[in-house]
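Remarks on the overall topology
Residue strings, one per chain:
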Amino acid sequence: MPSALLVVDEAKAAQRQAYFGDLHVHTDYSFDAFAFGTVATPYDAYRYAKGEAIKHPGGFDVQLRQPLDFYAVTDHAMFLGAVKAAADTSTEFSKFDYVSGLHDLNAPENQTVEGVAKRRQAFSTFLPDTLANIASGDVPLELMNGIAQAAWADTIKAANAFYEPGRFTTFVAYEYTSSTNDRGNLHRNVVFANADRLPVMPFSRFHSQNPEGLWRWMDGLRGQGIDAIAIPHNSNGSNGHMFALSDWAGEPLDAVYADLRLRNEPLIEITQVKGTSETHPMLSGTDEWADFEIMPYRIATLLYSEPKGSYAREALRHGLEQAERGERNPFQFGFVGASDTHTAAISDDESNFFSKIGLLDSTSTLRGSTPIAEDDEDRFRMGNSNNLKEVDGRTYLSGAAETWGAAGVAGVWAEDNTREAIFAAFRRKETFATSGPRIKARLFASSDFGGSDPGDALQSAYQSGVAMGSEYDVAARGEPYFLAWATSDALSAKLQRLQIVKAWVDADGSHEKVFDVACSDDQSVDPNSYRCGDNRARVDLSDCSIDQTLGASELKTIWRDPEFNATERALYYVRVLENPTCRWSTWDAVRAGVAPREDLKKTIQERAWTSPIWVMPEAR
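Summary of the structure given here. (Residues numbered from 1 in each chain as written. Predicted model: local features only at pLDDT ≥ 70, side-chain atom pairs only at ≥ 80, totals over all residues. Heavy atoms only, no water.)

**Quick word on the overall build of the protein**
Counting its secondary structure elements, the protein contains 15 helices and 28 strands. Taking 2.2 N^0.38 as the reference for a compact globule, 620 residues should give roughly 25 Å; the C-alpha atoms of the protein span a radius of gyration of 24 Å, in line with that estimate. Each principal axis of the C-alpha distribution contributes one length, and for the protein these read about 70 × 60 × 45 Å. For the protein, with 620 residues in total, the buried portion stands at 62%. By sequence separation, contacts in the protein at least 24 residues apart represent 75% of the contacts at least 6 residues apart. Here the protein carries 60 positive and 88 negative side-chain charges, and the mean point of each set is 1 Å from the other. (Helix = DSSP H or I, 4+ residues; strand = E, 2+ residues; numbered from the N terminus. Rg over C-alpha atoms; globule rule 2.2 N^0.38 Å. Buried < 20%, exposed > 50% of the residue type's maximum accessible area, 1.4 Å probe, protein only. Contact = heavy atoms within 4.5 Å. Lys, Arg positive; Asp, Glu negative; His and termini not counted. Charge placed at Lys NZ, Arg CZ, Asp CG, Glu CD.)

Have a look at this one:
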């Protein structure tokens, strides 16, 4: 990457503000979103992000509780615009017999729950049939390329039409949708720095199933002055492949691979609707908060996804191990959150959750959070008794949807709300992720913040230290102190605790530990357990009300690691937790006047994560 992107102008850096956005949004140009009933366009998506109401496929209006600062439409490059073209009987593509089942798919008479079975069937056969017809020559490849290029051009046009530098930023982007042969998820969102010059056609799985092919294509574009980053998502559903310790050919990861990946993937999506990928209870047994919105399946299946190799914290630890062996660390990434909405509209509010796949999860019954009426069981069975589950004598639809969560949000610290400033923040990894609320969080490391008051230290943090996403050299700077800081979302619950997650490597391998470093409500950190006391925050499950007199609007501290060892390679990141609130499934049940489903979590603790700081050790 250009080295100029890493230069810190301290005067400008001190003026950085937090901006919130979503870099993972599907519209009617995505083959699956259109099949799910979505007719919202990229233009509708940007209107929604700016605060306007748009129509959900289920027929109701959706609107953000507060607008976003940036947004990127990321429709699938694979079959971009194809299902929409097949459904439109005026197009040349619609004339092929095998797509006749898609004709007028989104006509009003098909916008019903009863249309779900038809949609599932159409969606499941379209992909293999189209591939077979292209391979046989019955469907000209030029025709499919033309559909994709037209959709891509319109996507670019929409992004440029809604870009308002200083007020609202749009990015030209798309999703590279690949997987391993065992259905391990390898999806990435590719986000371009600007729209001055762009490829005529996005790189897709049709060009290469191997993400290394995507990275090499991006390197080629960068050589032409076209910068972009790829952001992998849903590593939790990768069945161990996203952070595997071997490359596509099965060879151990080397410096060439690491540099290729780091150049093109400085960030990962740590949380979204289809679960959170920070860590897993099987991987972090001493972390009481590891079991947060775990989605246990491979994407678009009910096949178990292997946790090892699928979660961010373990990958960060493996990266430290590689660096300790004198090898290049391929997993030195920062964090963002996103939605992965397939309705053009991010669903980031637990109390007003409409999930992600249009008609297929547009009601609480379809989401599995409220029971099916007895006389409706046949209608909801959809020919497959395996998707019905008995819980306490009531019948529910069951599948992946009940394991999903309200969407994540990406946060950046940038000088202003422009493509240049926000993309530069992506590159330097001065980013954070939230599970939905607009929590602001940041982390700095320095040997001397100029005093013990964290408020004063924040003003000089860039001058005296390094920000999240950076490396800290102990030999050059001395023992680090950490400035950790977070503020709550005024429209959400208050903060309960501020934590620093540490990973390090020694002669016995890599390790991890969670430290509470600041507590709300005059609670103190126990010096033995490193945990805050109970602030007594509870949720009334009868109506989901909470006590907003408990918790903190702001938590900040300057912290010294009590177990610091200058000869050990380590990393640190902030995780901040809100007071408990109702999970979306409980909100659904309360509104329906039924008891929450017993086998689902009733409450959650919304949270935010900063990108790590990597501490380089002294020479031994």
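After that view of the structure, there is still more to cover.
**Some points on the packing of helix 3 (residues 42-49) against helix 6 (residues 141-162)**
Helices that pack against each other are described as a pair by the angle of their axes relative to one another and the distance between those axes. Orientation of helix 3 relative to helix 6, taken along the N-to-C sense of each, is 30 degrees, at an axis distance of 9 Å. On the basis of their axis angle, the class for helix 3 and helix 6 is roughly parallel. Considering the relative orientation of helix 3 and helix 6, their crossing is right-handed. Contacts from Pro 42, Tyr 43, Tyr 46 and Arg 47 in helix 3 reach Asp 154, Thr 155, Lys 157, Ala 158, Ala 159 and Phe 162 in helix 6. (Axes fitted to C-alpha atoms, helices over the stretch in contact; angles between N-to-C directions. Parallel < 35°, antiparallel > 145°, perpendicular 65-115°, else oblique. Left-handed = near helix turned anticlockwise from the far one by under 90°.)

**Some thoughts on the sheet that holds strand 9 (residues 275-276)**
Read across the open sheet, the three strands follow the order 9-8-10; overall the sheet is mixed. Taken across any chain shown, the strands that pair with only one partner, and hence form the sheet edges, are strand 9 and strand 10 (334-337). As judged from the two bridges shared by strand 8 (residues 267-272) and strand 9, these two strands associate in the antiparallel manner. Within strand 9, the position partnered with Gln 272 by the bridge is Gly 275. (Pairing = 2+ DSSP bridges.)

**Examining the side chain of Lys 356**
By the secondary structure assignment, Lys 356 is in the loop between strand 10 and helix 10 (364-367). Side-chain polar atoms of Lys 356 contact the side chain of Asp 340, separated by 3.0 Å. Residues in contact with Lys 356, not counting those within four places in the same chain, are Val 273, Lys 274, Asp 340, Thr 341, His 342, Thr 343, Asp 361 and Trp 404. (Polar contact = N/O pair within 3.5 Å; in protein donor to acceptor, adjacent residues only side chain to side chain.)

**Remarks on the packing of aromatic side chains**
Evaluation of the coordinates by the stated rule reveals 34 aromatic pairs. Cluster of aromatic residues (ring-pair linked, three or more members): Phe 31, Phe 79, Phe 93, Phe 96, Tyr 98, Phe 126 and Phe 206. Between Lys 356 and the ring centre of Trp 404, over which it is positioned, the NZ or CZ distance is 5.6 Å. The ring of Trp 413 has Arg 442 sitting right over it, with the charged end atom 3.6 Å from the ring centre. (Phe/Tyr/Trp six-rings, centres within 6.5 Å; stacked < 30°, edge-to-face > 60°. Lys NZ or Arg CZ within 6 Å of the ring centre and 35° of its normal.)

**Comments concerning the pattern of salt bridges**
All chains considered together, the criterion is met by 41 salt bridges. With a closest N to O distance of 2.7 Å, Asp 219 and Arg 263 form a salt bridge. Remark: Arg 263 occurs in helix 8 (residues 255-264) and Asp 219 occurs in helix 7 (residues 211-223); sequence separation between them is 44 residues. Judged by its relative accessible area of 23%, Asp 219 falls in the partly exposed class. (Salt bridge = Lys/Arg side-chain N within 4 Å of Asp/Glu carboxyl O.)

**Re the sheet that holds strand 16 (residues 466-467)**
Pairing in this open sheet of four strands is antiparallel, and the strands run 16-15-18-23 from one edge to the other. Across the chains shown, the open sheet's two edge strands, defined by having one partner strand only, are strand 16 and strand 23 (554-559). Looking at chain direction, strand 15 (residues 440-446) and strand 16 are connected through two bridges and run antiparallel. Bridged to Phe 444 within strand 16 is Ala 467. On top of the sheet, helix 13 (residues 454-464) reaches strand 15, strand 16, strand 18 (481-487) and strand 23; it is set at about 65 degrees to strand 15, its chief contact.

**Focus on unusual backbone geometry**
One non-glycine residue, Ala 344, lies in the positive phi region at around 75 degrees. Structurally, the position occupied by Ala 344 is in the loop between strand 10 and helix 10. Phi is positive for Asp 392, close to 50 degrees, though the residue is something other than glycine. By the element assignment, Asp 392 lies in the loop between strand 11 (388-391) and strand 12 (394-397).

**Let's talk about the state of the cysteines**
The full count for this structure, using the stated rule, is two disulfides. With its sulfur 2.1 Å from that of its partner, Cys 519 forms a disulfide with Cys 532. Residues Cys 519 and Cys 532 are joined through a disulfide that is left-handed, its torsion about the S-S bond being -90 degrees. Note that Cys 519 is positioned in strand 20 (residues 509-519) and Cys 532 in the loop between strand 20 and strand 21 (539-540), a separation of 13 residues in sequence. Here Cys 532 falls in the buried class, since its relative accessible area comes to 11%. Here Cys 544 engages in a disulfide with Cys 582; their sulfurs sit 2.2 Å apart. Because the torsion about its S-S bond is -95 degrees, the bridge between Cys 544 and Cys 582 counts as left-handed. Here Cys 582 lies in strand 25 (residues 581-582) and Cys 544 lies in the loop between strand 21 and strand 22 (545-546), a separation of 38 residues in the sequence. (Disulfide = S-S within 2.5 Å.)

**Looking at the pairing of strand 19 (residues 495-506)**
Counting buried positions over the twelve residues of strand 19 gives eleven, a clear majority of the element. Sheet analysis places strand 19 next to strand 24 (residues 569-578), joined by ten bridges and oriented antiparallel. Among the inter-strand pairings, Lys 502 is bridged to a residue of strand 24, identified as Tyr 572. Judged from the ten bridges that link them, strand 19 and strand 20 form a sheet pairing that is antiparallel. Bridging from a neighbouring strand, Leu 498 pairs with Ala 518 of strand 20. Here strand 19 folds back onto strand 20 in antiparallel fashion, the turn holding two residues.

**Details of helix 15 (residues 584-592)**
Those residues of helix 15 not exposed but buried are Trp 584, Ser 585, Thr 586, Trp 587, Asp 588 and Ala 589. On its buried face, helix 15 is in contact with helix 10 and strand 25. Looking at the residues trailing helix 15, positive phi occurs at Gly 593, about 75 degrees.

**Digging into the pairing of strand 4 (residues 70-73)**
Burial along strand 4 is two-sided: the face carrying Phe 70 and Ala 72 and the face carrying Tyr 71 and Val 73 are both buried. Pairing analysis gives three bridges linking strand 1 (residues 17-25) to strand 4, with the strands arranged parallel. Bridge assignment links Val 25 to a residue of strand 4, and that residue is Val 73. Summarising the sheet, strand 4 and strand 5 (residues 169-176) pair through four bridges and their orientation is parallel. Bridged to Val 73 within strand 5 is Val 172.

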